[in-house]
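Close look at the chain arrangement
So the chains spell out like this:
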There are 2 protein chains.
Amino acid sequence: MPTSVNSNPTDQRILDGALELFADRGFEATSLDLIGKVVGISKQSVLYWFPSKEDLLMALVDRSVDDLSLALEDSLENPRSPSGRDQGWFKIESVVKAVFRVSAKRPELIGLLREISRLGPPASSRLVERFDPLLTRAYAFLDGEMDRGTIKRHEPKFLLLATYSMVVGMVSEIELLRAMGEEPSMRSLVKRRSDVLEFLRSALLIERD
Amino acid sequence: MPTSVNSNPTDQRILDGALELFADRGFEATSLDLIGKVVGISKQSVLYWFPSKEDLLMALVDRSVDDLSLALEDSLENPRSPSGRDQGWFKIESVVKAVFRVSAKRPELIGLLREISRLGPPASSRLVERFDPLLTRAYAFLDGEMDRGTIKRHEPKFLLLATYSMVVGMVSEIELLRAMGEEPSMRSLVKRRSDVLEFLRSALLIERD
DNA sequence: AAACTAGCCTACCATATGGTAGACAGGAGT
DNA sequence: ACTCCTGTCTACCATATGGTAGGCTAGTTT
């Protein structure tokens, strides 16, 4: 009997289970047996859908990048920021909010990012490769905003990596937070979100009269 | 015959090997056999010094926290920043520089931090626990500086975690950097350091006339 | 000289792991 | 009716892993 009542196609359910487990316990520490168990099938059925554990990981990277891209693209096209005077800054704010939204709704996706970058190639190269279109757009956008003088000039590549590290750290270092005496909760996630935004604002935004 | 010509006591050499391997390949992916091999002894001798793999990890956490604390404390006591007008800011700069110095000289230490926080309790709780004295000092220092009005007000706990995430990310996400087209090198590390400092400066420093 | 200890080793074990081989059930195509 | 294909399973395997048991040696203690 399946652990979860889930009527999706088997391969998607396997990816669901693997995502959760890889993000939570790590790739090496997750056995195919365990994945099978949470999905409600046998290890061999997992191997039927994905010829090897690494193939499974790669497929998971692909699907996760698609999911994330979708969430971010959407927030780029239709920024949900409140009333505003500065379109450029709002896009940044909107993307950061989107990341926080994802990490509230699907924390495993963010956890997987960390795990992938830890595992190194070939998974990490595939990750960045698949993210490339989005990255390129982000570079162009940041360059444009700096040219327009709406945000302070930093190297886009650095800015992205730094912000990425910071945001992902803030939402995924829950162990450290807990150990620092803050009980992870919805409330504290919202707090951290506004802290991050305020920090970024003071780092990036150029105040005009 | 030992792999490295190292005449330190055996237990220290084991910790050295484990540090490198854990940081590089991860805890689960590192076998006791492999540790023994790089140290030049058998797995059973490893177990002679550390009764279990987890004991080894704990001992490694302890030693690494000591090493890191030493490097940071030193930079706090004797800031190496250039001529300056603002002691508070210079301490921050000095600490960030110290972290970069450590990550140039002993990148495994930073890598281990990530690995530990990924592994979760009990390793991560021990890590933070052992870091607590330093953390407390940092809180107090940041509070003081904010009161004095030298840096912008943010919640210290947030500020520390955010800066930690950013700095550690910048020095340890070399996979992502590489995939983003930047070849990790001494030169680029220095570049990233100055980028980070500039970013922090614009985020924190309050310019006065 | 006898006893003990430290440090290392070989031998071994139970378990877990990724993966292969192949069987069986049931629906679809002919 | 027969074949084929899809999806699942059981059985099995080679290998690796953390850990135990116990032995050997050289030096120190008594």
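This brings us to the overall build of chain A. A tally of helices and strands in chain A yields ten helices and zero strands. For chain A, the sequential pattern of α-helices and β-strands runs α-α-α-α-α-α-α-α-α-α. Judged by the C-alpha coordinates and their principal axes, chain A covers about 65 × 40 × 30 Å. Within chain A, counting contacts between residues at least 6 apart in sequence, those at least 24 apart form 65% of the total. Summed over its atoms, the accessible surface of chain A is roughly 10000 Å², and 54% of this surface lies on carbon and sulfur atoms. Taken together, the 29 basic and 32 acidic charged side chains of chain A have centroids lying 3 Å from each other.

Our focus in this paragraph is the side chain of Asp62(B). Residue and element names in this part refer to chain B. Inspection of the secondary structure assignment puts Asp62 in helix α4 (residues 53-77). When its relative accessible area of 12% is taken as the criterion, Asp62 is described as buried. Discounting chain neighbours no more than four positions away, the residues touching Asp62 are Arg126 and Arg130.

The next thing to look at is the relation of the copies chain A and chain B. The transform that puts chain A on chain B rotates by 180 degrees and translates by 0.0 Å along the axis, for an RMSD of 0.0 Å. Overall, the copies show the geometry of a two-fold rotation axis. For chain A, the smallest separation between a C-alpha atom and the rotation axis is recorded for Ala203(A), amounting to 1.9 Å. A shared binding surface is used by both copies, with 100% of the interface residues of chain A retained as interface residues in chain B.

What follows covers the pattern of salt bridges. For the coordinates displayed, the defined rule picks out 35 salt bridges over all chains. Between Arg126(A) and Asp62(A) there is a salt bridge, and its shortest N-O distance comes to 2.7 Å. With Arg126(A) in helix α7 (residues 123-148) and Asp62(A) in helix α4 (residues 53-77), the pair connects residues that are 64 residues apart, well separated along the chain. Through salt bridges that share partners, Glu28(A), Glu115(A), Arg118(A), Glu28(B), Glu115(B) and Arg118(B) make up one connected network.

Our next topic: the domain arrangement of chain A. Residue and element names in this part refer to chain A. Assigned domains of chain A: these are domain 1 (1-51) and domain 2 (62-204). Between the C-alpha centres of domain 1 and domain 2 the distance comes to 28 Å. Every contact between the two is made by ten residues of domain 1 and, on the other side, ten residues of domain 2. For the pair domain 1 and domain 2, the summed buried area comes to about 770 Å², and 62% of that belongs to carbon and sulfur atoms. At the junction of domain 1 and domain 2, the tally comes to two salt bridges. Of the charged contacts, one joins Glu28 and Arg118 as a salt bridge, the two residues approaching to 2.8 Å between their closest N and O atoms. Linking domain 1 with domain 2 are four residue pairs in polar contact (both at pLDDT 80 or more), by the criterion used here.

Attention now moves to the protein's contact with DNA strand D. Taken together, 15 residues lie around DNA strand D, and Ser42(A), Ser45(A), Trp49(A), Leu32(B) and Lys53(B) are the ones closest in. For DNA strand D, the backbone portion of the atoms within 4 Å of the protein, that is sugar and phosphate, comes to 56%. One of the side-chain N or O atoms of Tyr48(A) is found 2.9 Å from a phosphate oxygen in DNA strand D. Contact distances for DNA strand D include 2.9 Å between a base nitrogen and a side-chain N or O atom of Lys43(B). At the level of elements, α3 (43-49) of chain A together with α3 (43-49) of chain B are the ones that each hand at least two residues to the surface near DNA strand D. If you tally residues by element for the surface near DNA strand D, the top one is α3(A), at four residues. Per-class residue counts for the surface near DNA strand D are five nonpolar, eight polar and two charged.

Take the interface of chain A and chain B next. Facing 47 residues of chain A, the contacting portion of chain B comprises 47 residues. Approximately 3900 Å² of surface area, both sides summed, lies buried where chain A meets chain B, with 67% of it carried by carbon and sulfur atoms. The tally of links between chain A and chain B comes to six salt bridges. Across the salt bridge formed by Lys191(B) and Glu155(A), the nearest N and O atoms sit 2.8 Å from each other. In this assembly, chain A and chain B are joined by six residue pairs in polar contact (both at pLDDT 80 or more). Elements with a contribution of two residues or more to the side of chain A that touches chain B: α6 (107-119), α7, α8 (156-172), α9 (174-179) and α10 (186-204) of chain A.

By size, the foremost hydrophobic cluster in this structure holds 122 residues, and its most contacted members are Ile35(A), Leu56(A), Ile35(B) and Leu56(B). Apart from the residues lying within four places of it in its own chain, the contact partners of Ile35(A) are Ile14(A), Ala18(A), Leu21(A), Phe22(A), Thr30(A), Val46(A) and Leu56(A).

Cut-off values and rules
Residues numbered from 1 in each chain as written. Chains lettered and ligands numbered in written order. Predicted model: local features only at pLDDT ≥ 70, side-chain atom pairs only at ≥ 80, totals over all residues. Heavy atoms only, no water. Helix = DSSP H or I, 4+ residues; strand = E, 2+ residues; numbered from the N terminus. Contact = heavy atoms within 4.5 Å. Areas by Shrake-Rupley, 256 points an atom, 1.4 Å probe, with all protein chains shown as cover. Lys, Arg positive; Asp, Glu negative; His and termini not counted. Charge placed at Lys NZ, Arg CZ, Asp CG, Glu CD. Buried < 20%, exposed > 50% of the residue type's maximum accessible area, 1.4 Å probe, protein only. Least-squares fit on C-alpha atoms with pLDDT ≥ 70 in both. Salt bridge = Lys/Arg side-chain N within 4 Å of Asp/Glu carboxyl O. Domains from an automatic or database assignment. Buried area = accessible area lost by both parts, 1.4 Å probe. Polar contact = N/O pair within 3.5 Å; in protein donor to acceptor, adjacent residues only side chain to side chain. Near = heavy atom within 4 Å. Nonpolar A, V, L, I, M, F, W, Y, C, P; charged D, E, K, R; others polar. Core = buried A, V, L, I, M, F, W, Y, C linked by side-chain atoms within 4.5 Å.

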